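As a plain string of letters, each chain reads:
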Amino acid sequence: MKRVAILISGGGSNMLALLDSMAEAGHPATPCLVASNDPEAAGLARAAARGVATDAVDHRPFGKDRAAFEAELQALIAAHDADMICLAGFMRVLTAGFVTPWSGRMINIHPSLLPKYRGLHTHARALEAGDAEHGCTVHEVTPELDDGPILGQARVPVKPGDTPEILAARVLEMEHKLYPAVLRRFAAGDRRPVWLP
Ligand code: GRF
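Residues numbered from 1 in each chain as written. Predicted model: local features only at pLDDT ≥ 70, side-chain atom pairs only at ≥ 80, totals over all residues. Heavy atoms only, no water.

The protein appears in an unreviewed UniProt entry as Phosphoribosylglycinamide formyltransferase from Tropicimonas sediminicola. Regarding the protein, the UniProt comment filed under Pathway (unreviewed entry) reads as follows: "Purine metabolism; IMP biosynthesis via de novo pathway; N(2)-formyl-N(1)-(5-phospho-D-ribosyl)glycinamide from N(1)-(5-phospho-D-ribosyl)glycinamide (10-formyl THF route): step 1/1." (UniProt positions renumbered as here; feature names shortened; annotations may be inferred.)

Following this line, the structure appears as structure tokens:
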């Protein structure tokens, strides 16, 4: 049974989808920690309500000292004996110092069809480009931002009149399907990619 630490920064809707999925019979993983860089992240209370251990390492007191923040975060994750990490709406860039020891054991969901639109504001960028479709990607985390091996993608149509908010909501709905499907395979050691629909 793989022990999964989930890192969030906000509401944690992807985290909740992962918790709900891992609660299903026969799932090869179990959540051991939900942690955030923001002690006020709403997702922490939602995880605690489901009986999952939660904690936070506020990144703000560390200022520009990313290594010190990451050392605290690593200690917290290690204290919960995690076997792997899921980044789920986690909005801090992690350095190679944190990422490399987790190589092959840390995954992330990004709201675009990578390699298109790494970074932020992906929905607005897809609309500006006039893309006919958009979507989300789950990938292994490497030191390069939003760049690791792709483990799954889900596509949605872009529709006339879409705003970034409307498109983001359509993508988020697919994120909640894609991420659990990928985690179930990945935790069982199966790296075959998941393509949705
Ligand atoms: C989502 O768009 C996700 O793709 C991105 O963060 C946003 C919020 O995710 N990584 P969540 O609701 O906090 O899971």
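Now that the structure has been shown, we can carry on.
A. Local environment of the UniProt feature "binding site: (6R)-10-formyltetrahydrofolate" (unreviewed entry) in the protein. Following the UniProt record, the feature "binding site: (6R)-10-formyltetrahydrofolate" (unreviewed entry) maps to R66 and N108 here. Lining the largest cavity, from the residues just named, are R66. In this fold, R66 is placed in helix 3 (residues 66-79). Taking the relative accessible area as the measure of exposure, R66 reaches 35% and is therefore partly exposed. Those residues in contact with R66 that lie beyond four places of it in its chain are R92, V93 and T95. When you line up the elements, N108 lands in strand 5 (residues 106-110). (1 Å grid on protein atoms, 1.4 Å probe; cavity = no way out; pocket = protein on both sides within 12 Å on 5 of 7 lines; lining within 4 Å. Helix = DSSP H or I, 4+ residues; strand = E, 2+ residues; numbered from the N terminus. Buried < 20%, exposed > 50% of the residue type's maximum accessible area, 1.4 Å probe, protein only. Contact = heavy atoms within 4.5 Å.)

B. Main features of the site of the ligand. Every residue lining the ligand is accounted for by G11, G12, S13, N14, G89, I109, P111, L172 and E175. S13 is positioned such that a nitrogen or oxygen atom in its side chain is 2.6 Å from an oxygen atom of the ligand. Here an oxygen atom of the ligand and a backbone polar atom of N14 are 2.8 Å apart. Burial of the ligand by the protein chains amounts to 78% of its free accessible area of 370 Å². The residue makeup of the shell around the ligand, split by class, is three nonpolar, five polar and one charged. (Near = heavy atom within 4 Å. Polar contact = N/O pair within 3.5 Å; in protein donor to acceptor, adjacent residues only side chain to side chain. Areas by Shrake-Rupley, 256 points an atom, 1.4 Å probe, with all protein chains shown as cover. Nonpolar A, V, L, I, M, F, W, Y, C, P; charged D, E, K, R; others polar.)

C. Quick peek at the layout of surface pockets. Approximately 820 Å³ is the volume attributed to the largest pocket. G89, F90, M91, I109 and P111 are, among the 33 residues lining the largest pocket, the residues nearest its centre. Mapped by element, the contributors of at least two residues to the lining of the largest pocket are helix 1 (13-22), strand 5, helix 5 (122-128) and helix 6 (164-187). Of the residues that constitute the lining of the largest pocket, the class distribution is 15 nonpolar, 14 polar and four charged. (Points joined across faces, edges and corners; volume = space filled by probe spheres on them.)

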